[in-house]
Amino acid sequence: MGGFAASTFKRGIDFINIPTTLLGQVDASAGGKTGINFNGLKNEIGVINQAKHVIVDANFLKTLDNKEFISGFAEMLKHAVISDKKYFNRLSGYDTSEINVDYEVLNSLIEKSIIIKYNIVEQDPYEKGIRKALNFGHTFGHAFESFFSEQGNYLKHGEAVAQGMICELFLSNKKQGFPVMELLELTGKIMEKYEKININHDDFENIINLMSHDKKNSAGQINCTLISEVGKPVIDRIVEKKEINEALNYYLQIFM
Ligand SMILES: [Zn+2]
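Since we're looking at a predicted model, the values are computed, not measured.

How each quantity is defined
Residues numbered from 1 in each chain as written. Predicted model: local features only at pLDDT ≥ 70, side-chain atom pairs only at ≥ 80, totals over all residues. Axes fitted to C-alpha atoms, helices over the stretch in contact; angles between N-to-C directions. Helix = DSSP H or I, 4+ residues; strand = E, 2+ residues; numbered from the N terminus. Parallel < 35°, antiparallel > 145°, perpendicular 65-115°, else oblique. Left-handed = near helix turned anticlockwise from the far one by under 90°. Contact = placed C-beta atoms within 7 Å. Nonpolar A, V, L, I, M, F, W, Y, C, P; charged D, E, K, R; others polar. Expected span 1.5 Å × (residues − 1). Buried ≥ 20, exposed ≤ 12 C-beta atoms within 10 Å, placed from the backbone. Arc of directions from axis to C-beta.

**Observations regarding the packing of helix α3 (residues 66-83) against helix α5 (residues 103-123)**
Step number 1: Two elements in contact, α3 and α5, have axes separated by 10 Å at closest approach and are oriented at 55 degrees. Relative to α5, the element α3 is oriented oblique. The crossing of α3 and α5 is left-handed. For the pair formed by α3 and α5, the contact residues are Met76, His79 and Ser83 on the first element and Leu109, Ser113, Ile116 and Lys117 on the second.
Step number 2: Of the residues that constitute the contact of α3 with α5, the class distribution is three nonpolar, three polar and one charged.

Structure follows, in structure tokens:
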């Protein structure tokens, strides 16, 4: 919101970002997206404009509650899934529980995530192509987020994205040949850190409707970013309702 205000005040003045949440540090503050929600739609009014500087320090996170912390951590897992298996293993081995957060190590992980994001944004600041890789997990994730907020039962953005990644990993296996063993491995590692959300078959239609209304999708078609292997994103994949159902069914049967 600050970035948007600065970008429009007197036709634009410089601004710096000093994010104090993990989600802000690894995601929102980097990449130049600014804006506000309007008429019930997310980021409906805004501009793309880069901050002059972004100042990040994991020490700012010492007073952040754990739920907010693991919400931001999901975006870091996403960075790893679209770019680097070794980084994914480092993250999944990192203890995110309240008592054990190691801020020294965290600083280096945050740096890695920011570098991954900047490398992608630099190639495609206006999201015509490769920047869409950063939407991995978000087609399902946004739908889960809206689904629970409509019930007054808020799910943090990153928590929703983590669950969305599981569904999109399933579709990656089904449509892009992402190996099944890795699907099971990554599902297990993500679910070690995130609580399973409470949905059932009766909710599927509602969730699919929310996906078709997402502004990233057009003409009733639902788009996903998938991967063919860890580090190899495939953008603009159209998914059928039947496939979404299968992905949600896969999600339901985890650990049952
Ligand atoms: Zn996100």
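The discussion continues.
**Some thoughts on helix α10 (residues 241-253)**
Step number 1: End to end, α10 covers 19 Å across 13 residues, agreeing with the expected 18 Å (1.5 Å per residue, within 8%).
Step number 2: Taken residue by residue, α10 has Ile244, Ala247, Leu248 and Tyr251 as its buried positions. Viewed along the axis of α10, the buried residues span an arc of 95 degrees, placing them on a single side of the element. Those residues of α10 that are exposed and aimed more than 90 degrees away from the buried face are Lys242 and Gln253.
Step number 3: In the core, the buried residues of α10 are packed alongside α7 (157-176), α9 (204-213), β5 (222-229) and β6 (232-239).
Step number 4: Positive backbone phi, at 65 degrees, marks Phe255, one or two positions downstream of α10.

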